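A look at the structure
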Amino acid sequence: MPPGAARKLAILTCMDSRIDPLGMFGLEPGDAKIIRNAGARVYDDALRSLVMAVHLLGVRRIAVVHHTQCAMHNPDPEALAAQVSASANGVPCPIELGSFPDPMSALRTDLARIGDCALLPASLGIEYGGFLYSVETGVVTRLL
Ligand SMILES: [Zn+2]
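What you see is a predicted model, and the numbers here were worked out from it, not measured in a lab.

Turning our eyes to something else, we now look at the pattern of salt bridges. The tally for this structure, following the rule as stated, stands at five salt bridges. The partner of Asp31 in a salt bridge is Arg7, with the nearest N and O atoms 3.8 Å apart. Of the two residues, Asp31 sits in the loop between helix H1 (21–24) and strand S2 (32–37) while Arg7 sits in the segment before strand S1 (9–14), which places them 24 residues apart along the sequence. The partner of Arg113 in a salt bridge is Asp110, with the nearest N and O atoms 3.5 Å apart. With a gap of three residues between them, Arg113 and Asp110 both fall in helix H4 (residues 103–115), about one helical turn apart. The class for Arg113 is partly exposed, based on a relative accessible area of 27%. Within this structure, Arg41, Asp110 and Arg113 form a network of salt bridges that share partners.

Put into structure tokens, the structure is as follows:
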């Protein structure tokens, strides 16, 4: 199996164990690059992986897939940081956890980060979109 993505696709999705990133799109191993983190957020490390996928592994389409019942969908990000700190025996949490009170706003922000990445210029013709995976039904819906 070659190292590239046969379908020229990268899927960025949440680390939630209920999600099968290939299965949700009816794909097979070798079809797509899979990038996962808490909340499917586009921070520097996700961009690093996307840049590598585009420039070294043939990716030309990027799907950012958020999901229903995501633990990162939290109306009070400070409360989540406090929960992490309490679990760490009171050590303050200096990490931006990436939780979000508004899923659509978070998805727009994530797509804008891809669009604003200088190493992913529009001139390359890279397509990207925002999706929602329902853990209740297994259906993926394109939102943006
Ligand atoms: Zn999640």
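The next thing to look at is unusual backbone geometry. The phi dihedral of Lys8 is positive, around 55°, even though this residue is not glycine. Tracing the sequence through the fold places Lys8 in the segment before S1. Overall, the relative accessible area of 45% leaves Lys8 in the partly exposed class. Not every positive phi belongs to a glycine, and Asn89 is a case in point at roughly 55°. Looking at the element boundaries, Asn89 is found in the loop between helix H3 (77–87) and H4.

Now for the sheet that holds S2. On the basis of which strands lie adjacent, the open sheet formed by five strands has the order S2-S1-S3-S4-S5 and mixed pairing. The open sheet has two free edges, formed respectively by S2 and strand S5 (140–142), since each of these has just one partner strand. Across the sheet, the mean angle from the axis of one strand to that of its neighbour is 25°, orientation sign disregarded. By the bridge criterion, six bridges tie S1 to S2 in an arrangement that is parallel. Bridged to Thr13 within S2 is Arg36.

Cut-offs applied
- Residues numbered from 1 in each chain as written.
- Predicted model: local features only at pLDDT ≥ 70, side-chain atom pairs only at ≥ 80, totals over all residues.
- Heavy atoms only, no water.
- Salt bridge = Lys/Arg side-chain N within 4 Å of Asp/Glu carboxyl O.
- Helix = DSSP H or I, 4+ residues; strand = E, 2+ residues; numbered from the N terminus.
- Buried < 20%, exposed > 50% of the residue type's maximum accessible area, 1.4 Å probe, protein only.
- Pairing = 2+ DSSP bridges.
- Axes fitted to C-alpha atoms, helices over the stretch in contact; angles between N-to-C directions.

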